[in-house]
Amino acid sequence: MIDGKKILFSGMQSTGNLTIGNYLGALKNWLTLSDEYECFYSVVDMHSITIRQDPSELRKRARNLLTLYIAAGLDPKKNCIYYQSHVSGHAELAWILNCFTYIGELNRMTQFKDKATKHADNINAGLYTYPVLMAADILLYQSDVVPVGKDQLQHLEITRDIAQRFNAIYGDIFTIPEPYMGKAGANIRSLQNPEKKMSKSDENANASIYLMDDPDTIIRKFKRAVTDSEASVRYRDEQPGIKNLIEIYCACTGKTPEETEKEFDGKGYSEFKPAVGEAVVSVLKPVQDRFYELSKDKAYIDGIIKENAEKANYYATKTLRKVQKKIGFPERIR
Ligand code: ATP
Ligand code: LTN
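Residues numbered from 1 in each chain as written. Chains lettered and ligands numbered in written order. Predicted model: local features only at pLDDT ≥ 70, side-chain atom pairs only at ≥ 80, totals over all residues. Heavy atoms only, no water.

### A word on the site of ligand 1
Here is the rule we go by: Think of it this way: one heavy atom of a residue within 4 Å of a molecule or strand is enough to make that residue near it. In protein, a polar contact means a hydrogen-donor-capable atom and an acceptor-capable atom, both N or O and within 3.5 Å, with residues adjacent in sequence counting only if both atoms are side-chain atoms; elsewhere, any N or O pair within 3.5 Å suffices. Areas reported as accessible are Shrake-Rupley estimates using a 1.4 Å probe. Residue values count occlusion only from the protein chains shown. Helix and strand definitions follow DSSP, with helices as H or I runs of at least four residues and strands as E runs of at least two, each counted in order from the N terminus. Classification convention: Asp, Glu, Lys, Arg as charged; Ala, Val, Leu, Ile, Met, Phe, Trp, Tyr, Cys, Pro as nonpolar; all other residues, Gly among them, as polar.
In the region of ligand 1, 21 residues are neighbours, and K115, D151, K197, S199 and S201 sit closest. At a separation of 3.0 Å, an oxygen atom of ligand 1 approaches a polar side-chain atom of N22. Measuring from an oxygen atom of ligand 1, one finds a side-chain N or O atom of D151 at 2.6 Å. Protein burial of ligand 1: of its 600 Å² of free accessible surface, 96% is covered by the chains. The leading source of residues in the shell around ligand 1 is helix α1 (residues 20-33), at four residues. Its residues assigned to classes, the shell around ligand 1 shows six nonpolar, 11 polar and four charged.

Laid out in structure tokens, this is it:
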């Protein structure tokens with residue numbers, strides 16, 4: 001608890017450009033939860049280097065992502081929006097937690113298996129222990145709740161296991177976090193292959209709608225989205241492409257799948273697809289406008305980065321010192 005409020009932690013990697021999957025699955029929920037909780041929203045740049053990055057590109061992307069958090073509507077005075085790499089406690093706690101994580105557990109992580117297949121030339125130890133760093137992110141702030149998309153539930157589960165294992169040995173040190181998923185949008189699929197999740201690292205630009213795509217591009221990508229030959233707007237597993245478009249439409253308009261089916265009853269995909277596009281444009285346009293506005297104000301963003309890194313460091317250090325003491329590291333002499 002901080003000032004009587006429960007604690008929320010979440011983060012996104014500064015790799016690639018954000019997609020509406022990231023927005024509808026995660027960022028949008030961050031907004032609705034930000035009043036109720038004391039929130040830490042991190043740009044997890046340390047996670048990003050598990051895949052080889054161009055340094056200047058990584059720096060630029062990290063800044064854009066941090067700006068985008070604010071542009072999406074998170075108030076940086078109320079929410080702690082910061083770079084993971086500015087708080088050394090993440091790495092320090094991750095090392096300790098590595099010693100409380102079993103190889104067998106890490107071997108089961110599906111994200112690791114996917115990324116190892118995709119980057120077969122660089123299966124580094126960081127990619128393998130990625131979930132431990134994620135556990136450190138969450139546990140460092142004694143987080144109660146972690147809003148994520150469905151793909152991250154397995155990482156949340158291992159975080160809970162590590163925390164429980166640690167607590168069983170040393171007492172009640174870590175809060176056990178709960179995942180939070182929104183009703184719609186937790187599992188947005190690729191527009192070109194609904195078998196795959198929409199991902200910012202997809203090589204096919206038509207598979208994803210990027211947050212910064214202009215309206216024409218968005219409409220065009222939806223028109224090209226892979227669907228089926230049923231020609232009916234139905235929310236069912238047999239029509240995964242259309243089901244995905246309905247999910248997106250609902251997450252953007254607040255309508256239910258039943259309402260959407262009714263609205264487009266008897267209408268073809270040539271009417272439905274652009275309507276989904278329009279719904280997405282109307283959600284993204286204000287975020288984009290604010291992003292461009294904020295990007296111009298370097299001093300403002302720099303101030304946020306500095307202030308929030310200090311705040312995050314304060315809370316991170318509190319937990320870290322407690323953990324270090326419990327496991328038997330020598331006390332610091334002041
Ligand atoms: P990458 O392709 O680089 O692995 P990613 O698109 O999966 O990235 P992350 O930075 O790993 O994005 O995820 C940020 C947040 O967005 C996480 O909470 C994740 O669960 C959520 N998210 C990612 N993709 C989707 C999706 N297709 N649908 C819903 N939520 C998603
Ligand atoms: N692993 C997540 C990003 C991430 C995260 C976190 C999310 C890193 N640390 C802590 C929630 C809480 C991903 O790949 N989407």
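### So, the pattern of salt bridges
Formally: Whenever a carboxyl oxygen of Asp or Glu lies within 4 Å of a side-chain nitrogen of Lys or Arg, that contact is scored as a salt bridge. Residue exposure (1.4 Å probe, protein chains only): buried if accessible area is under 20% of the type maximum, exposed if over 50%, otherwise partly exposed.
One pass over the structure, following the stated rule, counts 20 salt bridges. Across the pair E238 and R236 runs a salt bridge, and its minimum N-O distance is 3.6 Å. With relative accessibility at 56%, the residue E238 sits in the exposed group. Look at R236 and you get partly exposed, because its relative accessible area is 30%. Notably, a salt bridge pairs K285 with D289, separated by 3.1 Å at the nearest N-O pair. Pair noted here: K285 and D289 are both in helix α12 (residues 269-295), with a separation of four residues, about one helical turn. Residue classification places D289 among the partly exposed positions, given a relative accessible area of 40%. Among the charged side chains, a network of salt bridges with common partners joins E57, K60 and R61.

### A look at the packing of helix α4 (residues 89-98) against helix α7 (residues 125-140)
Let me state the cut-off plainly: Here an axis means a line fitted to C-alpha atoms, over the contact stretch when the element is a helix, while the angle between two N-to-C directions is reported on a 0 to 180 degree scale. The cut-offs work like this: below 35 degrees is roughly parallel, past 145 is roughly antiparallel, 65 to 115 is roughly perpendicular, and the gaps in between are oblique. Crossing handedness: left-handed means the near helix sits turned counterclockwise from the far one by under a right angle, and right-handed means the same turn made clockwise. Should any heavy atoms of two residues lie within 4.5 Å, those residues are counted as being in contact.
It is at 8 Å that the axes of α4 and α7 come closest, and there the two elements cross at 120 degrees. Comparing their axes, α7 and α4 come out oblique. Seen along the crossing, α4 lies across α7 with a hand that is right-handed. Contacts between α4 and α7 pair G89, H90, L93, A94, L97 and N98 from the former with T129, V132, L133, A135, A136, D137, L139 and L140 from the latter.

### Some thoughts on the environment of D3
Mapping D3 onto the fold places it in the segment before β1 (7-12). Owing to a relative accessible area of 75%, D3 belongs among the exposed residues under this scheme. Between the C-alpha atoms of D3 and Y37, which are 34 residues apart in sequence, the distance is 10.0 Å.

### What about the pairing of strand β2 (residues 38-43)?
The side chains of a regular strand alternate between the sheet's two faces. What counts, and what does not: The rule for pairing is simple: two strands pair if DSSP sees at least two bridges between them.
Within β2, six of the six residues are buried, which leaves it mostly tucked inside the rest of the structure. What you see with β2 is no split at all: E38, F40 and S42 on one side and C39, Y41 and V43 on the other are buried throughout. Alignment of β1 against β2, held across six bridges, turns out to be parallel. For L8, the partnering residue across the bridge sits in β2 and is C39. Sheet analysis places β2 next to strand β3 (residues 80-83), joined by four bridges and oriented parallel. The residue of β3 that forms the bridge with Y41 is I81.

### Quick word on helix α10 (residues 240-253)
Every α-helix carries 3.6 residues per turn, so stepping three or four residues along brings you back to the same face. This is how it is decided: The span expected for a helix works out to 1.5 Å for each residue beyond the first.
Look at α10: 20 Å from first C-alpha to last across 14 residues, which is about the 20 Å you get at 1.5 Å a residue. In terms of burial, α10 is largely enclosed, as 11 of its 14 residues are buried. Of all the positions in α10, only G241, I242, N244, L245, I246, E247, I248, Y249, C250, A251 and C252 are classed as buried. Looking at the buried residues of α10, the elements they touch are α1, α9 (215-223), α11 (257-263) and α12. Looking at the residues trailing α10, positive phi occurs at G254, about 80 degrees.

### Thoughts on the site of ligand 2
For the record, the criterion: In this analysis the probe radius is 1.4 Å and the grid spacing 1 Å, with only protein atoms considered; a cavity is a set of points the probe fits into but cannot get out of, a pocket is an open set with protein on both sides within 12 Å along at least five of seven lines, and lining residues have an atom within 4 Å of a point. The way we define it, a molecule is inside a pocket or cavity when more than half of its atoms are within 2 Å of that pocket's grid points.
In the vicinity of ligand 2 lie 14 residues, with Q13, Y130, M134, D137 and Q152 positioned nearest. In the environment of ligand 2, a nitrogen atom lies 3.0 Å from a nitrogen or oxygen atom belonging to the side chain of Q152. Protein chains shield 91% of the accessible area of ligand 2, which is 370 Å² for the free molecule. Judged by its atoms lying within 2 Å of the grid points, ligand 2 is housed in the largest pocket. Of all elements in the fold, only β1 and α7 reach the threshold of two or more residues within the shell around ligand 2. The greatest single-element share of the shell around ligand 2, amounting to four residues, is contributed by α7.

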